[in-house]
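Tertiary structure, described
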Protein chains: 2
Amino acid sequence: MSKKYVYLFREGKASMRDLLGGKGANLAEMTNIGLPVPSGFTITTEACNEYYTTGGQFPEGLWDQIKPALGNVEESTGKTFGNPEDPLLVSVRSGAKFSMPGMMDTILNLGLNDQTVRGLAHSTQNDRFAYDSYRRFIQMFGNVVLEIEHHFFEAILDEAKSKQAVTYDSELSTDSLKWVVEEYKKLIQKETGKPFPQEPIQQLEQAVLAVFRSWNNDRAIVYRKINAIPDDIGTAVNVQSMVFGNMGNDSGTGVAFTRSPSTGEKALFGEYLMNAQGEDVVAGIRTPQPIKSLEQENKAIYDQFVDIASRLENHYRDMQDIEFTIEKGRLFFLQTRNGKRTAPAAIRVAVELCHEGLITKEEAITRIEPGQLDQLLHRRMDANAKLEVLAKGLPASPGAASGKIVFDADDAERLGHNGEKVILLRTETTPDDIHGILAAQGILTSRGGMTSHAAVVARHMGKPAVCGCEALKIDYTEHNVSINGVVYPEGTELSIDGATGRVIKGAVPMIDPELSEEFKELLTWADEIRKLRVLANADNPKDAQKARDFGAQGIGLCRTEHMFMDPARIPIVQEMILSQTLEERELALSKLLPMQEDDFYGILKAMTGLPVIIRLLDPPLHEFLPNVEDLVVEITKMKVTGANPEELKEKEALLRKVRALAELNPMLGHRGCRLGVTFPEIYAMQARAIFQASARLVKEGFEIHPEVMIPLVIHVKELEMLRKLTEDTAQAVMKEQGVSFKYKVGTMIEVPRAALTADEIGKVADFFSFGTNDLTQTTLGFSRDDAEGKFLPAYLDKKVLAQNPFAVLDRDGVGKLMKMGVKLGREVNPELEVGICGEHGGEPSSIEFCHLLGLNYVSCSPFRVPLARLAAAQAKVNNQD
Amino acid sequence: MSKKYVYLFREGKASMRDLLGGKGANLAEMTNIGLPVPSGFTITTEACNEYYTTGGQFPEGLWDQIKPALGNVEESTGKTFGNPEDPLLVSVRSGAKFSMPGMMDTILNLGLNDQTVRGLAHSTQNDRFAYDSYRRFIQMFGNVVLEIEHHFFEAILDEAKSKQAVTYDSELSTDSLKWVVEEYKKLIQKETGKPFPQEPIQQLEQAVLAVFRSWNNDRAIVYRKINAIPDDIGTAVNVQSMVFGNMGNDSGTGVAFTRSPSTGEKALFGEYLMNAQGEDVVAGIRTPQPIKSLEQENKAIYDQFVDIASRLENHYRDMQDIEFTIEKGRLFFLQTRNGKRTAPAAIRVAVELCHEGLITKEEAITRIEPGQLDQLLHRRMDANAKLEVLAKGLPASPGAASGKIVFDADDAERLGHNGEKVILLRTETTPDDIHGILAAQGILTSRGGMTSHAAVVARHMGKPAVCGCEALKIDYTEHNVSINGVVYPEGTELSIDGATGRVIKGAVPMIDPELSEEFKELLTWADEIRKLRVLANADNPKDAQKARDFGAQGIGLCRTEHMFMDPARIPIVQEMILSQTLEERELALSKLLPMQEDDFYGILKAMTGLPVIIRLLDPPLHEFLPNVEDLVVEITKMKVTGANPEELKEKEALLRKVRALAELNPMLGHRGCRLGVTFPEIYAMQARAIFQASARLVKEGFEIHPEVMIPLVIHVKELEMLRKLTEDTAQAVMKEQGVSFKYKVGTMIEVPRAALTADEIGKVADFFSFGTNDLTQTTLGFSRDDAEGKFLPAYLDKKVLAQNPFAVLDRDGVGKLMKMGVKLGREVNPELEVGICGEHGGEPSSIEFCHLLGLNYVSCSPFRVPLARLAAAQAKVNNQD
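The following paragraphs examine the structure supplied in this document. (Residues numbered from 1 in each chain as written. Chains lettered and ligands numbered in written order. Predicted model: local features only at pLDDT ≥ 70, side-chain atom pairs only at ≥ 80, totals over all residues. Heavy atoms only, no water.)

Time to look at the overall build of chain A. Helix and strand counts for chain A stand at 35 helices and 33 strands. Principal-axis analysis of the C-alpha atoms gives chain A an extent of 105 × 70 × 55 Å. Taking all 881 residues of chain A together, the buried fraction comes to 57%. Look at the contacts in chain A between residues 6 or more apart in sequence, and 69% of them connect residues 24 or more apart. Total accessible area computed for chain A in this model is approximately 34600 Å², and 49% of it derives from carbon and sulfur atoms. (Helix = DSSP H or I, 4+ residues; strand = E, 2+ residues; numbered from the N terminus. Buried < 20%, exposed > 50% of the residue type's maximum accessible area, 1.4 Å probe, protein only. Contact = heavy atoms within 4.5 Å. Areas by Shrake-Rupley, 256 points an atom, 1.4 Å probe, with all protein chains shown as cover.)

Residue and element names in this part refer to chain A. Inspection of every chain in the model, using the stated rule, returns 112 salt bridges over all chains. Where Lys186 meets Glu183, a salt bridge forms, and the shortest distance between an N and an O atom there is 3.0 Å. With Lys186 and Glu183 both in helix 7 (residues 174–192), this residue pair falls 3 residues apart, about one helical turn. When its relative accessible area of 51% is taken as the criterion, Lys186 is described as exposed. Note that Asp411 is salt-bridged to Arg414, the shortest N-O span being 3.2 Å. You can see Asp411 and its partner Arg414 sitting in helix 15 (residues 409–417), 3 residues apart, about one turn around the helix. A single network of salt bridges, built from pairs that share partners, joins Arg259, Lys266, Glu313, Arg348, Glu352 and Glu356. (Salt bridge = Lys/Arg side-chain N within 4 Å of Asp/Glu carboxyl O.)

The next subject is a nonpolar patch on the surface. Residues Val222(A), Ile226(A) and Leu438(A) make up a contiguous nonpolar surface patch of about 200 Å² in total accessible area. Relative to the assigned elements, Leu438(A) resides in helix 16 (residues 434–439). (Patch = residues over 30% accessible without salt bridge, like charges linked within 9 Å, V, L, I, M, F, W, Y side chains within 5 Å.)

Frequently, the measure chosen for interface size is the accessible area removed from exposure when the parts meet. Facing the 60 residues of chain B at the interface are 60 residues of chain A. At the boundary of chain B with chain A, total buried surface from both sides reaches about 5000 Å², with 63% on carbon and sulfur atoms. Inspection of the chain B/chain A interface yields 3 salt bridges. In this structure, the salt-bridge partner of Arg753(B) is Asp810(A), at a minimum N-O distance of 2.7 Å. Summed over the shared surface of chain B and chain A, the number is 27 residue pairs in polar contact (both at pLDDT 80 or more). For the side of chain B that touches chain A, the leading source of residues is helix 23 (residues 628–641) of chain B, giving 8 residues. Within the side of chain B that touches chain A, the residues separate by chemical class into 29 nonpolar, 14 polar and 17 charged. (Buried area = accessible area lost by both parts, 1.4 Å probe. Polar contact = N/O pair within 3.5 Å; in protein donor to acceptor, adjacent residues only side chain to side chain. Nonpolar A, V, L, I, M, F, W, Y, C, P; charged D, E, K, R; others polar.)

A few words on helix 19 (residues 541–549) of chain B. Residue and element names in this part refer to chain B. Listing the buried residues of helix 19 in full gives Ala544, Lys546 and Ala547. Down the axis of helix 19, the buried side of the element spans an arc of 160°, and every buried residue falls inside it. Every exposed residue of helix 19 that faces more than 90 degrees away from the buried side is listed here: Lys542 and Asp549. Against the buried residues of helix 19 lie strand 26 (533–537), strand 27 (555–559) and helix 22 (582–606). After helix 19 finishes, the residue Gly551 shows a positive phi value of roughly 100°. (Arc of directions from axis to C-beta.)

Once that is clear, we can look at the relation of the copies chain B and chain A. Rotating chain B by 180° and moving it 0.1 Å along the rotation axis overlays it on chain A with an RMSD of 0.3 Å. What the rotation and shift describe, once combined, is the action of a two-fold rotation axis. An overlap of 100% is found between the interface residues of chain B and their copies at the interface of chain A, pointing to a shared contact surface. (Least-squares fit on C-alpha atoms with pLDDT ≥ 70 in both.)

Residue and element names in this part refer to chain A. You can see Ala471 is positioned in the loop between strand 19 (465–467) and strand 20 (472–475). Judged by its relative accessible area of 27%, Ala471 is partly exposed. With 13 residues separating them in the primary sequence, Ala471 and Asn484 have C-alpha atoms 6.5 Å apart. Once residues lying within four places of it in the same chain are set aside, the contact partners of Ala471 are Ala391, Ser482, Ile483 and Asn484.

Remember, this is a structural readout, not a statement about activity or role.
See below:
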């Protein structure tokens, strides 16, 4: 007895997404809450997986389950599959657990053949409709199931139009369509060596297999990779009786969101086309009507739609994305799902649903995908900039972008990988363009509406998009676009504003983002919920202020080396490094001291009342020196051309010094606290600068919380030695200045040995800060600079690693060390504060891991602070005990 | 009530070394077994430590304990301290837990003053002896306690000799000596502003303090560093009634070993001088008589000595190093201790003591310090070489050395640090020369015997030494040496043979060592005892054979990259690396295949019957390419001089390719199995070469055990992928060749993540091999190349690290990861074989750690195999549960 592979819609429910896919589960749910849903059944994802594990066999026992289900559909529709009088027609659609819009295949009107087409014509009293449906079915079936390229069918259609001397498909006569049908069948015979299958049962079997196959088409694979959807969960197949939106002017089809997917505004938002099939709306070929127009067109249907849409939203407790069809004045619901939305819409919807009492604050928090917030936290067009607006389209996906225009997804990808900023400009986009959209800064199309492919995908990816900008005339052959008579060749720089639909000449100045009121409210809720504190990485007062504005609760990492890189200081820094004696070095350091003091004064002042963790000098000293290769070239030239021997000698001496400091593996070399151990005078200067700045601020009445962080510790003795040096300096400064202040001394945990011996190190540290960039490098033996360019792409492609470990924290390796570090450190020092300041501190999954480890804080770049606040709250909500 | 700081000799015993020091404990033990030991007492090491913790105070309550102890000595000698008639005189000597010969201070004849000297003269009926003793005492006290430089005293002595017109000290008359005493006292008044202390009690107090101080003199600190003796254990002070070897020709003093410290031969081995104090023998100023001569001189004393020496050896169950004095025909034992010995002697003594039934095999094993074995396992002079022997001295420390002669310890150190091989040539050495001896290849002295400072220190350090070579006339001013009339300036190359005493002109060819019969026997015992198997690292059949001869039980690491470096192959290797396509690369690989097959054929054949673990390619590919800087120089020259544009273009193209492969941190870059993941064809070629060689050998009837090792694994998926590739290749080769053989596939554990996820990796590995060189680099974040040149010396100096972690395994950090790796791996795979193949596999303390971890084997360089066999057995013996 085989598994249950087939579920009638009424046998399923919303929670069965794993088995029935998102679409199937929702169709079942809608059916069960009494909505008008065309009857049908779902073939489970398990059947798809069985198909793959058996190497492409039709799963055993599946057919025996499909037959009675089909019988059930026949019964409820009163039609019979293959009945030449009044045939049952079905759609066959994919539907995975996670929505993958347009990625997999769909076949409509299945069940038509040379006999049943006549029955359809008779029962609908519409010959043209019947033959148009038949030719559409053959075309879809030929393309999807039999894998005959699209353009063969288009050529026949074009020939028919040219014969009849008309422009549009819809103008083709019934006779023309009959001719097309015959030509299509000949094409199929020619391409496959077999006739078009007339037997509906055979059509169904082949269609189901084709949907299974489409799970692994190239588009779907890319989409899953981008969206981190597992490859092994498979798709379900939904077989559903057809309803027709193209049965005349009392028929139609549309899609609608219960709230705006762009802004989140509570209002029906959608489009429909009368006398059209569903794919006409989604594909963006005809520009549809806004949903509001339906009220004029047919108030009864509109009111019914509004009522059911509202019921659906209440039932699912989220904004819904609904597909509907009107067949001869009767409304059917074909699909509903939680609607994809922009980040601002996600926030507004979540906050308003909470205000409406539909969801709790905790739920509102988890409704936002933190990765999406990026788009809110980056720059937008400066409202005060003078803009030369060339055209206006639909504001399809918010955000602004500038870049060189390209007309092809491959070009976009190629240039994008070379670091160029590009705008992908297309008449419309298709799922084949995904890689180009991914690589582009923004998308601009001349056709298609707010729910067109380009718009949906762009919103989901957080890319700015302007769609349906009809002023654009694209010439793919000449690689240019003409806008109001002016021709702009490929490579011209344009900007788009996805919030207003404007297309602007040239690059446009951008300004820093601000948080919307809803976002601020949501973050307040997040703050109430989260356990992790959120600090920011900032090296100067400006960034510190920005971090504070975004809600940072302190500075978790103030790097001091950036201060050394200031062009005015680099000569003094070089003087210090090249010193031959301690005296020389101390002289150079004494010049740096007042500069560093001012740095710290500014940053401590900006963060008054909050902790500021300052890391002492970390990078290898030779980073501040001239490049060896440049010197070698210079010297070789001097030698060949016979330069002044004195100058040559000097240059050679410099080269020797630089070379002496050069390292084979600087990442594992003379850096971090190793500098403090070998040149204590450098750390002493930095500590003095911190404490002198502190003393000044205390005298001026500011509340300050300086914390000194020692980098790259591997042994407790390093920390003991450098802690003592810091404390001695603090005592000396307090005595000199006659003030007193509190401070902490802690350490980075960024080398495996530090984590492994945290029970020693923890005894002399006030805090630990996991430096997960370095810790990832040493734990995996990956030099980030080398890995990302050389072998990491292959590791991700071949799925040796599921994620880039520098982006998403490697829980099994690095995470295990962190866990040990936290446990061992707290065992010997229960008061130990533990945080993270690597880039992972701003990445949601890594933040969740930090929450699970029981860290006290995460620290990330200022622009990621809101994201981290939200992710920290989500971590709490999603991991309640 | 203060601690017990003072122990009479009869209150102590041998096991109280921590408290009483080695010398004190032995004096106590000798006293208690009834030997003639001059009476005395020991001030404990705790008193010394108390002195240091209180910042140099005379420990409270110590004096109250010294007084009664002194009273006890007075009682047993019948003499009184400070008695002007018949004064008690004492020696005050240092004595730490571990012997530090000549490093700390000693004062003899304490108790003499202007009154008691007359009493001594009277009681001994020897004015000259009394005043000579007094002047020696003042000189020693002045130098050691009052810190007046030696040469001031020498100048006065020289003046006296010149006044009296004699050459030697011993020719000075009583009057001259009285004059010297007066001048010494004036010198002391002048230098210290105070008179020489006449009060014996005061003398004693100051002498005790001086011994405490001498624990931290520069010589002692250096010695402890070299010998890894802790700095905080302090020295004891032994106060003992004086006996005099210089009371005339019926008096004498000497040192003797119960067996030869050079060869281990069972025969008394030592020297004595009549009418001399002990330091005359040790200092090497007069060349003493061999101990055997004492038999003629005084058979009764000799027989008594032989008898007691034998009793001491039986009592201590080890070869003894004995100091004795004959005072007016009466024998006293001043010291006994386990004698220092060369490695061959250590082995012979241990084996013979075991044969004699004095010690067990387990004890014999632990009597050898594995570090010492180095000298046995390195090269010695080729007996067939034609040698120009210039002179002959005493064979003071075995082994042979060649080098440039230098006449000063500082020069030896300076040149030695620059990598020069030097022979330190001195009249005699003193403790101040330690740093020079350490830096030299060998030691050559013109004076002093087999127990002179140079000889003792050289034997202990395992350095070759020839002593007492009186043919040498050294001119320190002109920096040359004349031998039989020929002058050799500084920098002349000479050789010495410490086994025969020969001094040879020029450098001498050396040959590989062989194991002595005793050593072989000892190693058989070690093999019976040890749990760890010992394998060797070898990359070619010659090394493999050597390893086998030394007892290796297989090859634990056969690196394949050395094979790539062969000059005949490097062009093909470069061709492979620079290939633009898979086809090009496979073509180059197909040329390498037969070469690699031959490599593996040879090594598998040499190790027939034993496992051979072959590691697939590990280093970054750019290591096989030309150097970027060289190319840059070449190109710059071509540009400046206007070379052929075609050639320039080609060079520039090469540079681009080399640069593209260059890495910022090659240690953490594209290497190890990352090469196998990105270029599976390389690993496939290597696997094929291994299996084709295996197939050939099987057909030829050899028993082979190939094991394929995948380097640098961080994730189980790498190993899964490459294991499959290996297995597929093996299957293919077996099928092609029609033979079958067994093989294993395992992995290096050399990156922290591998150890942390060993519970995953262990599932698909037949064996783990800890690559502790790399594991140390990543666990500590230390690039070995950079660390050892830049900051590691400072880390060792400042005692941040106790040991170089690349030499001695870091148990707390790296070791913790190893422990996890073993535990996790065996949990999922109880059959897992675990070993180590880093350099630590040949280091005794690291081998012990491997034993404690329960590893199956260690693998080390062929020359270290005997050491590893022994160390593994010691680890077992020393860690019995």
